2 protein chains.
Amino acid sequence: MAKQERMRADVSRLSLRISMSFDGYTSGPHQSLEAPLGVGAEKLHEWVFAVRAWRSRHGMAGGEDNESSAVVDAEMANIGATIMGRNMFGGHPGAWNDREPWRGWWGKNPPFHHPVFVLTHHERAPLRTEGDTTFTFVTTGIESALEQARRAAAGKDIALAGGATICRQYLAAGLVDEMFIHQVPILLGGGERLFEGVDDLHGLELVETIAAPNVTHFKFLKR
Amino acid sequence: MAKQERMRADVSRLSLRISMSFDGYTSGPHQSLEAPLGVGAEKLHEWVFAVRAWRSRHGMAGGEDNESSAVVDAEMANIGATIMGRNMFGGHPGAWNDREPWRGWWGKNPPFHHPVFVLTHHERAPLRTEGDTTFTFVTTGIESALEQARRAAAGKDIALAGGATICRQYLAAGLVDEMFIHQVPILLGGGERLFEGVDDLHGLELVETIAAPNVTHFKFLKR
């Protein structure tokens, strides 16, 4: 057992974490520049905006210490790199605007504080920010992004932050080692479903369920 | 408050209870006479087959007393009638076979022990069983079935037992007063989704979450 744990600690894990509605959506219907998450989907994230651990990381005062706080702390600990999809990085579809390229939703000092790898079909030079977050744009697919993230994470874990499209790709390829699903008891009725077309968890098993009033946290681990 | 509770007690509630996969399905893909729940969907019900309260009601010995037992007890208490869809009653699509009509999955003494109303497009005379369960076939729609069930329940609650199609109809009409969702941490990848096309819970709010190792029980109540 000790040996197994040591071996695990040697390899950085790919850890999916995402908020999902009770009907399985991670974004709402009618996504647009004005409603980047889709209509109604901001409700998926209200639970995390209220948590002190998350607020303090994002430079905001106050917040609650509740059942969800420990979950947020556990998620944030030991992350050395993040992978996200182009839509989560944000902006617009298609090629990047060379003159004034979109810099993401996160302002001058994004809250990641580690290398972020953005999966896109359109090449773009890396984006350095005033803080210690860098964005690297990967056009060579999910395995290449994972390899680059693993090198950058230097033994720490890698957060797979969304959206649904790249989560599905990593899930279908069996590359996800850990999965935190934050299920919010609302219906969105449309948008992108996390598990659309995915019918195999590739050995991910539910190991912990934490029920908070407005969200249920499910932790899956690869056996 | 006392008055409000008294008023509530006067009216029998329509209580939906159903097992659902982590990707939102209440039946699996490729439903057939051989696989009436669809492929893989028997896994949605393993948790209840293991519970002593359920086994004893179905004439089986043994079983576990676990976190799910109290949930099953609460579900079974105070039910005076059940509504179900044609597919859950089972058998075959289309008109009933007059000579040898399908009698359901439940043997000579079905475990309901109260009036059951089966929504169908095809008329059929009521079916009396050797026990105290009767099946009445309703071709006049969900509101008519609810009205008949309410009369039969005589003040007790009405179980809405599935499948997904009639649950969706009652949900969309805002007629569900209580909802128990038993969510099982598996993916089915196909079949019938409980909330397909339903984007409004009509005031049903999550009031309790009970996490068992192999199933999470969500209780919603109309506010």
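Residues numbered from 1 in each chain as written. Chains lettered and ligands numbered in written order. Predicted model: local features only at pLDDT ≥ 70, side-chain atom pairs only at ≥ 80, totals over all residues.

### Regarding the interface of chain A and chain B
Taken together, the contacts link 17 residues of chain A with 17 residues of chain B. When contributions to the side of chain A that touches chain B are tallied by element, the ones reaching two or more residues are strand S10 (204-211) and strand S11 (216-222) of chain A. For the side of chain A that touches chain B, the per-class residue count stands at 9 nonpolar, 5 polar and 3 charged. (Contact = placed C-beta atoms within 7 Å. Helix = DSSP H or I, 4+ residues; strand = E, 2+ residues; numbered from the N terminus. Nonpolar A, V, L, I, M, F, W, Y, C, P; charged D, E, K, R; others polar.)

### As for the relation of the copies chain A and chain B
Rotating chain A by 180° and moving it 0.0 Å along the rotation axis overlays it on chain B with an RMSD of 0.0 Å. What we have between these two chains is a two-fold relation. For chain A, the minimum C-alpha distance to the rotation axis belongs to glycine 24 of chain A and amounts to 3.3 Å. (Least-squares fit on C-alpha atoms with pLDDT ≥ 70 in both.)

### Let's talk about helix H4 (residues 67-76) of chain B
Residues and elements named next belong to chain B. Burial in H4 covers these residues: Ser68, Val71, Val72 and Glu75. Across the axial projection of H4, the buried residues extend over an arc of 100°, all falling on one side. On its buried side, H4 packs onto strand S1 (14-21), helix H2 (46-49), helix H3 (52-57), strand S8 (178-184), strand S10 (204-212) and strand S11 (215-222). (Buried ≥ 20, exposed ≤ 12 C-beta atoms within 10 Å, placed from the backbone. Arc of directions from axis to C-beta.)

### Quick notes on the environment of aspartate 199 of chain B
In this fold, aspartate 199 of chain B is placed in the loop between strand S9 (192-193) and S10. A count of 18 C-beta atoms within 10 Å places aspartate 199 of chain B in the partly exposed class. Note: C-alpha distance between aspartate 199 of chain B and alanine 172 of chain B (27 residues apart in sequence) is 8.2 Å. If we skip the residues at most four places from it in the chain, aspartate 199 of chain B touches Leu187, Leu188, Gly189 and Gly190 of chain A.

### Quick word on unusual backbone geometry
Residue glycine 163 of chain A is reached from glycine 162 of chain A by a cis peptide bond, and omega for that bond is 0°. Looking at the secondary structure, you find glycine 163 of chain A in the loop between strand S7 (157-160) and helix H7 (164-172). With a phi close to 65°, asparagine 78 of chain A is a non-glycine residue in the positive phi region. When you line up the elements, asparagine 78 of chain A lands in the loop between helix H4 (67-76) and strand S3 (79-85). Residue asparagine 78 of chain A is classed as partly exposed on the basis of its 15 C-beta neighbours within 10 Å. At histidine 113 of chain B, a position not held by glycine, the phi torsion is positive, near 60°.

### With respect to H7 of chain A
When we look at burial in H7 of chain A, the residues that qualify are Ala164, Ile166, Cys167, Tyr170 and Leu171 of chain A. Buried residues of H7 of chain A, seen end-on, are gathered within an arc of 165° and therefore sit on one face of the element.

### Some details on the sheet that holds strand S4 (residues 115-119) of chain B
All names here are of chain B. Across the sheet, which stays open at both edges, the 9 strands sit in the order S5-S6-S4-S3-S7-S1-S8-S11-S10 with mixed pairing between neighbours. Two strands bound the open sheet, and with one partner strand each, they are strand S5 (127-128) and S10. Across 4 bridges, strand S3 (residues 79-85) lies against strand S7 (residues 157-160) in parallel orientation. Along S7, the bridge assignment pairs threonine 82 with alanine 159. Each of S1, S3, S8, S10 and S11 touches H4; the most contacted strand, S10, lies at about 140° to it. Set on the sheet, helix H6 (residues 142-153) makes contact with S1, S3, S4, strand S6 (134-138) and S7; between it and S3 the angle comes to about 160°. (Pairing = 2+ DSSP bridges. Axes fitted to C-alpha atoms, helices over the stretch in contact; angles between N-to-C directions.)

### As for the confidence of the model for chain A
Segments scoring low in pLDDT should not have their predicted coordinates read at a detailed level. All names here are of chain A. Mean pLDDT over chain A works out to 90, with 95% of the residues at or above the 70 mark. When mean pLDDT is taken per element in chain A, S7 scores highest with 98 and helix H1 (residues 2-10) scores lowest with 48. Scored below 50 in pLDDT, residues 1-9 shows 0 contacts in the model against residues more than four places distant or in partner chains. Predicted complex, confidence summary: ipTM 0.88, pTM 0.90. (pLDDT = per-residue confidence, 0-100.)

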